[in-house]
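Chains, contacts and geometry: an overview
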Amino acid sequence: MSTDQLELSLPGGTWSLGELTVTRFGYGAMQLAGPGVMGPPADREGAFAVLRKAADLGITHIDTSGAYGPHITNELIREALHPYPEELHIATKVGARRDEQGGWPPARQPAELRRAVHENLETLGVERLDLVNLRLGNAQGPQPGSLAEAFETLVELQRDGVIRHLGVSNATPEQVAEARAIAPIVCVQNAYNLAHRHDDELIDALASDGIAYVPFFPLGGFSPLQSSALSAVATRTGTTPMSVALAWLLHRAPNILLIPGTSSVEHLTENVAGAATTLSADDLAELDRIGRP
């Protein structure tokens, strides 16, 4: 599928991760794992159907992690889509593992990162990973501290030829700057939405440098008042709050890439249609006030 076709078929057009062209509307595979992102899905064939539908829709950016399952979403992606179409690019994350309680303890020691990268190579069935994001912080969000040792380990693996591009996830602006001082990155993946605009300045700076910003939790952490304002715009536009939130993110900055997740084919197609919702100047002004003090 050509870039022109992608731009016509999916909302937002395309963006470049280094030399890789991806659709700004992507797909996040986390929800394909079992409850609590642990174990296999109840409906394995349904998971395959979602992944194949994403590819059929022209989505060329799939986000995953070896920690999902663990390994479950990678294995599902491989079974559903391998051998991968040339235009499909898979981003993964390292830097956290799963414990028996379903927690996400950090795993950022050099040996842990090397093992995680090679496990991703094996479970995805590739010789080189398109994009590896270093997961920082913890389940509560970004935490201050140097990423140098961990990031330099990934840079070594990049030089070895098993990683194409690097990014950071759950990172502070200072950590983004530190990573960029060590080696080029092509994306930052952080929690961000209409109600939580803490990364506004970072998004604009990254856009000017051609670096993608990939928000997660597009509807996370809204207060009742903020949800009411979002719902009002959704009612006026004849769509859903999720649709409005996704459409706003695409409008917010050209470097924002979406990775909404779902385990339902119907929900996936609804998300694609919703992200294409047209927002008027009045809608955008009303939405912009949601995350302002």
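Okay, so let's go over this structure.

About the cut-offs
- Per-chain numbering applies: the sequence of each chain, read as written, is numbered from 1 onward.
- This being a predicted model, a pLDDT of at least 70 is required before a residue's local features are given, and a value of 80 or more before pairs of side-chain atoms are given or counted; all residues contribute to the totals for chains, interfaces and linings.
- Calculation of side-chain values draws on the structure's entire complement of heavy atoms; hydrogens and water are dropped beforehand.
- For the purposes of this entry, the term helix denotes a DSSP run of H or I that reaches at least four residues, the term strand denotes a run of E that reaches at least two, and both are numbered from the N terminus.
- Radius of gyration here uses only the C-alpha atoms, and the compact-globule reference equals 2.2 Å multiplied by the residue count raised to the power 0.38.
- Burial classification: accessible surface area is computed with a 1.4 Å probe over protein chains only, and a residue below 20% of its type maximum counts as buried, one above 50% as exposed, and the rest as partly exposed.
- Counting rule applied: Lys, Arg positive; Asp, Glu negative; His and chain ends not counted.
- The location of each charge is read from NZ of Lys, CZ of Arg, CG of Asp or CD of Glu.
- For two strands to be treated as a pair, DSSP must find at least two bridges joining them.
- For this analysis, residues touch if any pair of their heavy atoms sits within 4.5 Å.
- Think of each axis as a best-fit line through the C-alpha atoms, taken over the contacting stretch in the case of a helix, with angles from 0 to 180 degrees between the N-to-C directions.
- These descriptions rest on fixed angle ranges, namely under 35 degrees for roughly parallel, over 145 for roughly antiparallel, 65 to 115 for roughly perpendicular, and the rest for oblique.
- Rotating anticlockwise by less than a right angle from the far helix to the near helix defines a left-handed crossing, while the corresponding clockwise rotation defines a right-handed one.
- Under this grouping Gly is polar, as are all residues other than the nonpolar Ala, Val, Leu, Ile, Met, Phe, Trp, Tyr, Cys and Pro and the charged Asp, Glu, Lys and Arg.
- Two rings from Phe, Tyr or Trp (for Trp, the six-membered ring) form a pair when their centres are within 6.5 Å of each other. A pair whose planes differ by under 30 degrees is stacked, one over 60 is edge-to-face, and the rest are tilted.

1. A word on the overall build of the protein chain
Check the secondary structure of the protein chain and you find eleven helices and nine strands. Relative to its length of 293 residues, the protein chain is compact, with a C-alpha radius of gyration of 18 Å against a globular reference of 19 Å. Each of the three principal axes of the protein chain carries a C-alpha extent, and together these read 50 × 40 × 40 Å. Within the protein chain, the fraction of its 293 residues that count as buried is 53%. Charged side chains in the protein chain number 21 positive and 35 negative. The centres of these two groups are separated by 2 Å.

2. Re the sheet that holds strand β3 (residues 27-28)
Judged by pairing direction, the sheet is parallel, and its seven strands sit side by side in the order β3-β4-β5-β6-β7-β8-β9 without closing on themselves. In the strand order of this sheet, the two ends are held by β3 and β9 (212-216), each with one partner. Here strand β6 (residues 129-135) pairs with strand β7 (residues 163-169) via six bridges, running parallel. Within β7, the residue paired with Val132 across the bridge is Leu166.

3. A few points about the environment of Leu202
Position of Leu202 relative to the elements: it lies in helix α7 (residues 200-208). Taking the C-alpha atoms as reference, Leu202 lies 23 Å from Leu154; in sequence the two are 48 residues apart. With residues up to four places along the chain from it excluded, the contact list for Leu202 reads Val176, Val188, Asn190 and Tyr213.

4. Some remarks on the packing of helix α2 (residues 44-56) against helix α10 (residues 265-275)
Contact geometry for α2 and α10: axes closest at 9 Å, N-to-C directions at 30 degrees. The angle between α2 and α10 falls in the class roughly parallel. When you trace α2 past α10, the crossing you get is right-handed. Residues Ala49, Val50, Lys53 and Ala54 of α2 pack against Val265, Leu268 and Thr269 of α10. Each residue belonging to the contact of α2 with α10 can be placed in one class, and the counts come to five nonpolar, one polar and one charged.

5. Some thoughts on the packing of aromatic side chains
Geometry of an aromatic ring pair is reported as the spacing of the ring centres plus the angle between the planes. Taken as a whole, this structure holds four aromatic pairs when the rule is applied. Ring centres of Tyr192 and Tyr213 lie 5.7 Å apart, and the angle between their planes is 80 degrees; on these two criteria the pair is classed as edge-to-face. Highlighted residues: Tyr192 in the loop between β8 (187-191) and α7 and Tyr213 in strand β9, separated in sequence by 21 residues. This pair shows no difference in class: Tyr192 is buried, exactly as Tyr213 is. Through successive ring pairs, a cluster of aromatic residues spans Tyr192, Tyr213 and Trp248.

6. Concerning the environment of Thr239
Considering the arrangement of structural elements, one finds Thr239 in the loop between α8 (224-237) and α9 (241-252). Judged by relative accessible area, which is 24%, Thr239 ranks as partly exposed. It is 9.9 Å that separates the C-alpha atoms of Thr239 and Glu270, two residues lying 31 residues apart in sequence. Ignoring any residue separated from it by four or fewer positions in sequence, one finds Thr239 in contact with Ala234, Val244 and Thr277.

As far as function goes, none of this settles anything; it's purely spatial.
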